[in-house]
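Now for the letters of each chain:
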Amino acid sequence: MNKTKHKIAVVTGAGGTLCSEMARDLARQGYKVALLGRSIDKLKVVEDEINAAGGEAISISADVSGEASVRAANELVMKTWGPVTVLINGAGGNQNDALTNTVEFDERELEGDPAVKGFFNLNMQTFQSVIDINTMGTVIPCYVFGREMARNKHGNIINFASMTSYRPITKVAAYAMAKGGIVNFTQWLAAYLAPANIRVNAIAPGFFLNDRSRKIMFHEDGSQTERAVNIMRQTPIKRFGDAHELLGCMNWLIDDKNAGFVTGITIPVDGGFLSSPGV
Ligand SMILES: NC(=O)c1ccc[n+]([C@@H]2O[C@H](COP(=O)([O-])OP(=O)(O)OC[C@H]3O[C@@H](n4cnc5c(N)ncnc54)[C@H](OP(=O)(O)O)[C@@H]3O)[C@@H](O)[C@H]2O)c1
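Residues numbered from 1 in each chain as written. Predicted model: local features only at pLDDT ≥ 70, side-chain atom pairs only at ≥ 80, totals over all residues.

Undergrad: Lay out the overall build of the chain in plain terms, naming residues and giving numbers.
TA: Regarding its fold elements, the chain presents 8 helices and 7 strands. The principal-axis extents of the C-alpha atoms in the chain amount to approximately 60 × 40 × 40 Å. Sorting the 279 residues of the chain into buried and exposed places 39% on the buried side. If you take every contact in the chain between residues at least 6 apart in sequence, the share linking residues at least 24 apart comes to 69%. (Helix = DSSP H or I, 4+ residues; strand = E, 2+ residues; numbered from the N terminus. Buried ≥ 20, exposed ≤ 12 C-beta atoms within 10 Å, placed from the backbone. Contact = placed C-beta atoms within 7 Å.)

Shown next as C-alpha cells:
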C-alpha cells in the first residue's frame, strides 16, 4: 500500500478548540484532512490555516448525529481523495438547557421556582439531543467511514471520552451518560473490528478551556468561578490543559508501528484529575 496516498484523515468537530489543533497537526504530518462540523465558517478558518501552511484540507458541513449527512461527507471525501485511514471523532459537547444548577435534589425544583434548575426541570428534548450528539455523533461516523476502512483492512479511530466517563460529574447528567457510553462503545468496536485491522481507542481529556467552558469557568472580571476553583482543587497540575497537550496521545495511538498492539483503551490526559484524592 502506498502510505502517502492513504494518509487521509477525517476530523469531526474540527472547527473546535481541541480538534482544530489535531487537524493542523495531522496536516503537518502529510495527512489530507477533511474537516467536519456544522458551521462551515469555523471549519474554513482551520482549512485556510492548513492550506496556507502547505497542507491539504477541505471543509465539509455535516451533522455527525445524522446518517445521511455523514454519508454525504464520506462520498465527498471518497471522490476527492479516497478512503479514510484515520477518523478522529471530536464532535461533541453540552448544551445549557441540559444542565442543572443544583448538585442534588432541592424541593424547590418541584414548585417551579425559577432560581432552581434541577433534574425535574430539565427539557427532555435537549437531554436527548446531548445524548445523540455525544453518542450517535460518534457511532455514525464509525459506521460510515469505518465501512471503507474495513473494506481496505486498515484504519485507526480515536473517540473522545471525558473525566465524566469515569465518575459522573455534577450538573451534566446527559453528557456524563453519553461519555460513559463512549468508553464502552470504544471497547466494543475495538474487539469487533480487530479482524479488519482497525484499531479503536479513545482519549479522555481533563479540563481544557473552550468557548463554552470559558464562560462557565470565569467571571467577567477574570476571576475563577466556584466550579473552576473546585476543578483546580482536584487537578494536581493546577491549570487547564492546552489543546497541543493531546497531540502526543493522538500521534501515538495512530502510529501502527509503536501502538499496533493497542486497541480498546481510553487514555486520560487530565493533569492528574483522576489521581486526585478529591478531599
Ligand atoms: N474541552 C474539554 O475540557 C473537554 C473535556 C473532555 C472532553 N471533551 C470532548 O472533546 C471534544 C472536543 O471538545 P472541544 O473542547 O474542542 O469542544 P468545542 O470547541 O466546542 O468543539 C466541538 C466541535 O464539535 C462540533 N459539533 C458539535 N455538535 C456537532 C454535530 N452534531 N455535528 C458536527 N459537529 C458538531 C462543533 O461545531 P459546530 O457547532 O459548528 O457543529 C464544535 O466546533 C468533544 O467531544 C468534547 O465533548 C472536551
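Undergrad: Now, about helix 1 (residues 17–28): what can you tell me, with residues and values included?
TA: Helix length check: helix 1 (12 residues) gives 17 Å between terminal C-alpha atoms against 16 Å at 1.5 Å per residue, within 8%. Counting buried positions over the 12 residues of helix 1 gives 9, a clear majority of the element. The set of residues buried in helix 1 consists of Leu18, Cys19, Ser20, Glu21, Met22, Ala23, Arg24, Leu26 and Ala27. Once helix 1 finishes, Gly30 follows within two positions and takes phi at roughly 95°, a positive value. (Expected span 1.5 Å × (residues − 1).)

Undergrad: Tell me about the site of the ligand, residues and numbers included.
TA: Neighbouring residues of the ligand: 30 residues in total, closest Gly13, Gly16, Arg38, Ser39 and Gly92. Broken down by class, the residue content of the shell around the ligand amounts to 10 nonpolar, 15 polar and 5 charged. (Near = placed C-beta within 6 Å. Nonpolar A, V, L, I, M, F, W, Y, C, P; charged D, E, K, R; others polar.)

Undergrad: How would you summarise the nonpolar core if you had to cite specific residues and measurements?
TA: Core analysis: the largest hydrophobic core is formed by 63 residues, its most contacted members being Ala9, Val11, Ala23, Val33, Leu35 and Leu36. Contact partners of Leu35, with chain neighbours within four places excluded, come to Val11, Ala14, Gly15, Ala23, Leu43, Val46, Glu47, Ala57, Ile58, Ser59 and Ile60. (Core = buried A, V, L, I, M, F, W, Y, C linked by C-beta atoms within 7 Å.)

Undergrad: Can you lay out the environment of Ala176 for me, pointing to particular residues and giving the numbers?
TA: Position of Ala176 relative to the elements: it lies in helix 5 (residues 173–193). What makes Ala176 buried here is the crowd of 22 C-beta atoms within 10 Å. Distance from Ala176 to Val130, taken between C-alpha atoms, is 9.8 Å for residues 46 residues apart in sequence. Ignoring anything within four residues of it in the chain, the contact list for Ala176 reads Thr164, Pro168 and Ile169.

Undergrad: Can you explain the sheet that holds strand 3 (residues 56–61)? Please cite residues and give values.
TA: Strand order in the open sheet formed by 7 strands is 3-2-1-4-5-6-7, and the pairing between neighbours is parallel. Since the sheet does not close on itself, it has two edges, and those belong to strand 3 and strand 7 (266–269), each with one partner. Looking at each pair of strands side by side, their axes are set apart by 20° on average, direction ignored. Packed onto the sheet, helix 2 (residues 40–52) meets strand 2 (32–37) and strand 3 and runs at close to 175° relative to strand 3. (Pairing = 2+ DSSP bridges. Axes fitted to C-alpha atoms, helices over the stretch in contact; angles between N-to-C directions.)

Undergrad: Tell me about the pairing of strand 2, and name the residues and values.
TA: Of all the 6 residues making up strand 2, 6 are buried; the element is thus mostly covered by neighbouring parts of the structure. By the alternation rule, side chains of strand 2 split into Lys32, Ala34 and Leu36 and Val33, Leu35 and Gly37, which are all buried. In this sheet, strand 2 lies alongside strand 1 (residues 8–12) in parallel orientation, the contact comprising 5 bridges. When the bridges of strand 2 are listed, Thr12 appears paired with Leu36. At this point the chain moves from strand 1, through helix 1, to the parallel strand 2, and the crossover so formed is right-handed. The pairing of strand 2 with strand 3 spans 6 bridges and is parallel. Paired with Gly37 across the bridge in strand 3 is Ser61. Between strand 2 and its parallel partner strand 3, the chain crosses via helix 2, and the hand of that crossover is right-handed. (Right-handed = clockwise from strand over helix to strand, strands pointing away.)

Undergrad: Kindly report on helix 5, identifying the contributing residues and their values.
TA: Its 21 residues give helix 5 an end-to-end C-alpha distance of 30 Å, which sits within 8% of 30 Å, the value for a rise of 1.5 Å per residue. Buried within helix 5 we find Ala174, Tyr175, Ala176, Ala178, Lys179, Ile182, Thr186, Leu189, Ala190 and Leu193. Those residues of helix 5 that are buried are in contact with helix 4 (124–152), strand 5 (155–160), strand 6 (198–205) and strand 7.

Undergrad: Could you give an account of unusual backbone geometry, with specific residues and numbers?
TA: Positive phi, close to 75°, is recorded for Lys171, a residue that is not glycine. The residue Lys238 is not glycine, and still its phi comes out positive at about 60°. Structurally, the position occupied by Lys238 is in the loop between helix 7 (226–233) and helix 8 (247–253).

Undergrad: An account of the packing of helix 3 (residues 67–80) against helix 4 is requested, with residue identities and associated values reported.
TA: Across the interface, helix 3 lies against helix 4 with an axial gap of 9 Å and an inter-helix angle of 35°. As helix 3 runs across helix 4, the sense of the crossing is right-handed. Contacts between helix 3 and helix 4 involve Glu67, Val70, Arg71 and Asn74 on the former and, on the latter, Ile140, Pro141, Val144 and Phe145. Considered class by class, the residues forming the contact of helix 3 with helix 4 number 5 nonpolar, 1 polar and 2 charged. (Left-handed = near helix turned anticlockwise from the far one by under 90°.)

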